[in-house]
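Residues per chain are reported as follows:
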Amino acid sequence: MSTDEQWASGASRIDMTRPHPARRYDYWLGGKDNFQADREAAEAIAAVFPHIRTAARENRAFMQRAVSHLAAGTGIRQFLDIGTGLPTANNVHDVAQGIAPESRIVYVDNDPLVLTHARALLTSSEQGATAYIDADVRDPEKILRDPAVRETLDWSKPVALLLVAVLHFVEDAEDPYGIVRRLVDELPAGSYLVLSHATFDPLDPETIAAMNAVNEGIKPRFSPRTLAEVSRFFEGLDLLEPGIVSVSDWRPEGDGPRPSPAEATGYGAVAAVRR
């Protein structure tokens with residue numbers, strides 16, 4: 001299927017009547033690529049958890065700091081971003097190629113609206129490259145064998161795998177740990193895993209109950225996890241300092257006040273793959 005045919009297919013699959021996580025996230029970040037159903041669902045969550053916009057911004061900032069560190073501090077030049085979301089300012093290629101223009105990035109998402117906006121993700125420096133594939137994190141084999149993934153990234157060299165705010169939409173029955181293991185097993189030595197994940201750990205029982213009630217019936221199901229559960233994704237990997245922490249506390253920039261864990265409601269970490 002040609003790229004134009006993929007975009008046309010994506011447009012035909014958009015369901016404006018059902019909220020989607022990528023479009024809801026876009027709304028919290030102040031974007032315009034969302035529909036009434038997305039906005040209503042987003043506002044319902046904000047009504048019971050007023051810090052949701054802060055949480056979305058902090059998660060995004062964590063991704064940008066992690067990519068910046070890997071590009072500037074470790075020499076990583078290849079990035080596989082699964083669960084990309086809708087294009088906004090300072091995407092992975094913006095950050096990485098701003099530091100190292102030769103960086104190569106593959107974006108992966110299964111939201112048809114993201115597919116229709118993929119042209120915004122396919123801009124690149126002349127020295128580097130970007131690609132986008134329409135695929136679901138639940139199907140790692142499809143992702144790993146996609147021609148765009150194999151051709152854009154050199155699998156004899158380190159790759160940074162980004163799973164940012166996506167695994168909390170993968171239920172336990174769908175084997176999220178097996179998915180991460182399969183993806184990490186494909187990475188060459190010297191690669192890195194960048195992962196963030198929603199959590200209810202810092203929240204009070206009343207807020208948790210309200211959040212669960214609002215999310216009831218929305219697909220994909222929202223599955224926040226505890227610190228112990230998130231830690232399992234990093235088994236066998238070498239965590240970079242400061243380890244698994246609130247996304248706001250992962251190598252923050254500046255000395256000003258930061259949102260509390262109860263406001264950011266997400267864990268983030270970066271880990272090295274050793275062979």
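Figured I'd write up the structure that's included with this text. In this text the structure is predicted, and so the values were computed from the model without any measurement. (Residues numbered from 1 in each chain as written. Predicted model: local features only at pLDDT ≥ 70, side-chain atom pairs only at ≥ 80, totals over all residues. Heavy atoms only, no water.)

**Quick notes on the overall build of the protein**
So the rule is basically this: Where helices and strands are cited, they refer to DSSP runs of H or I of at least four residues and of E of at least two residues respectively, numbered from the N terminus. When accessible area is computed with a 1.4 Å probe and restricted to protein chains, residues below 20% of their type maximum are described as buried, those above 50% as exposed, and intermediate ones as partly exposed. Should any heavy atoms of two residues lie within 4.5 Å, those residues are considered in contact. Method for areas: the Shrake-Rupley scheme with a 1.4 Å probe, in which residue coverage is limited to the protein chains shown.
When its secondary structure is counted, the protein shows 12 helices and 8 strands. Reported as C-alpha extents along the three principal axes, the dimensions of the protein are approximately 50 × 45 × 40 Å. Taken over 275 residues, the protein has a buried fraction of 53%. Within the protein, contacts between residues at least 6 apart in sequence are counted, and of these 74% link residues at least 24 apart. Approximately 12,000 Å² of the protein is accessible, and the part contributed by carbon and sulfur atoms is 50%.

**Quick notes on the packing of aromatic side chains**
Just so we agree on the cut-off: Aromatic pairing here means that ring centres of Phe, Tyr or Trp (its six-membered ring) are within 6.5 Å. Orientation follows from the plane angle: under 30 degrees is stacked, over 60 is edge-to-face, and everything else is tilted.
Summed over all chains, the structure comprises 4 aromatic pairs. Relative to Phe233, the ring of Tyr177 lies with its centre 4.4 Å away and its plane at 25°, an arrangement referred to as stacked. Taken together, the residues Tyr177 in helix α9 (residues 176-186) and Phe233 in the loop between α11 (227-231) and β6 (238-239) connect sequence positions 56 residues apart. As far as burial versus exposure is concerned, Tyr177 and Phe233 are alike and both buried. Their ring planes at 65° and their centres at 5.9 Å tell us that Phe200 and Phe222 sit as a pair that is edge-to-face. With Phe200 in the loop between β5 (192-198) and α10 (205-215) and Phe222 in the loop between α10 and α11, the pair connects residues that are 22 residues apart, well separated along the chain.

**Observations concerning unusual backbone geometry**
Of the consecutive residues Glu241 and Pro242, the connecting peptide bond is found in the cis state with omega at 10°. By the secondary structure assignment, Pro242 is in the loop between β6 and β7 (245-246). The backbone phi angle of Asp175 is positive, close to 60°, even though this residue is not glycine. The residue Asp175 is located in the loop between β4 (160-164) and α9 in this model. The phi dihedral of Arg251 falls on the positive side, at around 45°, and the residue is not glycine. Looking at the secondary structure, you find Arg251 in the loop between β7 and α12 (261-264).

**Digging into the environment of Asp94**
Test applied: Counted as a polar contact is a pair of N or O atoms within 3.5 Å, where, for protein atoms, one must be capable of donating a hydrogen and the other of accepting one, and residues adjacent in sequence contribute only when both atoms are in side chains.
Following the sequence through the fold, Asp94 ends up in helix α5 (residues 92-99). With 67 residues separating them in the primary sequence, Asp94 and Tyr27 have C-alpha atoms 21 Å apart. For Asp94, the contacting residues outside a window of four places in its chain are Thr88 and Ala89. Looking at Asp94, its side chain comes within polar contact range of the main-chain nitrogen of Asn90, at 3.4 Å.

**Notes on α10**
Convention followed: As used here, the arc belongs to the directions running from the helix axis to the C-beta atoms.
Taken together, the buried positions of α10 are Thr207, Met211 and Asn215. With its buried residues spanning 65° around the axis, α10 presents them on a single face. Residues of α10 that are exposed and point over 90 degrees away from its buried face: Pro205, Glu206 and Ala213. For α10, the secondary structure elements touched by its buried residues are α2 (21-28) and α3 (36-48). Where α10 begins, the capping side chain belongs to Asp204, and its oxygen is found 3.1 Å from the backbone nitrogen of Glu206.

**Re the environment of Ser68**
Here Ser68 lies in helix α4 (residues 52-74). Exposure remark for Ser68: the relative accessible area of 24% places this residue in the partly exposed category. The spatial distance from the C-alpha of Ser68 to the C-alpha of Gly98 is 9.0 Å, given a sequence separation of 30 residues. Look past the residues within four positions of Ser68 in its chain and what remains in contact with it is Gly73, Val95 and Ile99.

**A look at the packing of α4 against α5**
Each pair of packed helices gets described by two things: the angle between the helix axes and the distance between those axes. Put simply, the rule reads: To obtain an axis, a line is fitted to C-alpha atoms, over the contacting stretch when the element is a helix, and the angle between two such axes runs from 0 to 180 degrees between their N-to-C directions. Here is the rule for angles: anything less than 35 degrees is roughly parallel, anything more than 145 is roughly antiparallel, 65 through 115 is roughly perpendicular, and the remaining ranges are oblique. If you view the pair so one helix is near and one far, a crossing is left-handed when the near helix is turned anticlockwise from the far one by less than a right angle, and right-handed when it is turned clockwise. Residue polarity is assigned by list, with Asp, Glu, Lys and Arg as charged and Ala, Val, Leu, Ile, Met, Phe, Trp, Tyr, Cys and Pro as nonpolar; anything else, Gly included, falls into the polar class.
Relative to each other, α4 and α5 sit at 30°, their axes nearing to 9 Å. Judged by the angle between their axes, α4 and α5 are roughly parallel. The interaxial crossing formed by α4 with α5 has right-handed handedness. Where α4 approaches α5, its residues Met63, Gln64, Val67, Ser68, Ala71 and Ala72 are matched on the opposing element by Val92, Val95, Ala96 and Ile99. Tallied by class, residues from the contact of α4 with α5 come to 8 nonpolar, 2 polar and no charged.

**Regarding the pattern of salt bridges**
Stated precisely, the cut-off is as follows: Whenever a carboxyl oxygen of Asp or Glu lies within 4 Å of a side-chain nitrogen of Lys or Arg, that contact is scored as a salt bridge.
Tallying each qualifying case throughout the model produces 14 salt bridges. The closest approach of N and O atoms between Asp38 and Arg23, which form a salt bridge, is 2.7 Å. Of the two residues, Asp38 sits in helix α3 while Arg23 sits in helix α2, which places them 15 residues apart along the sequence. The exposure class of Asp38 is buried, given its relative accessible area of 0%.

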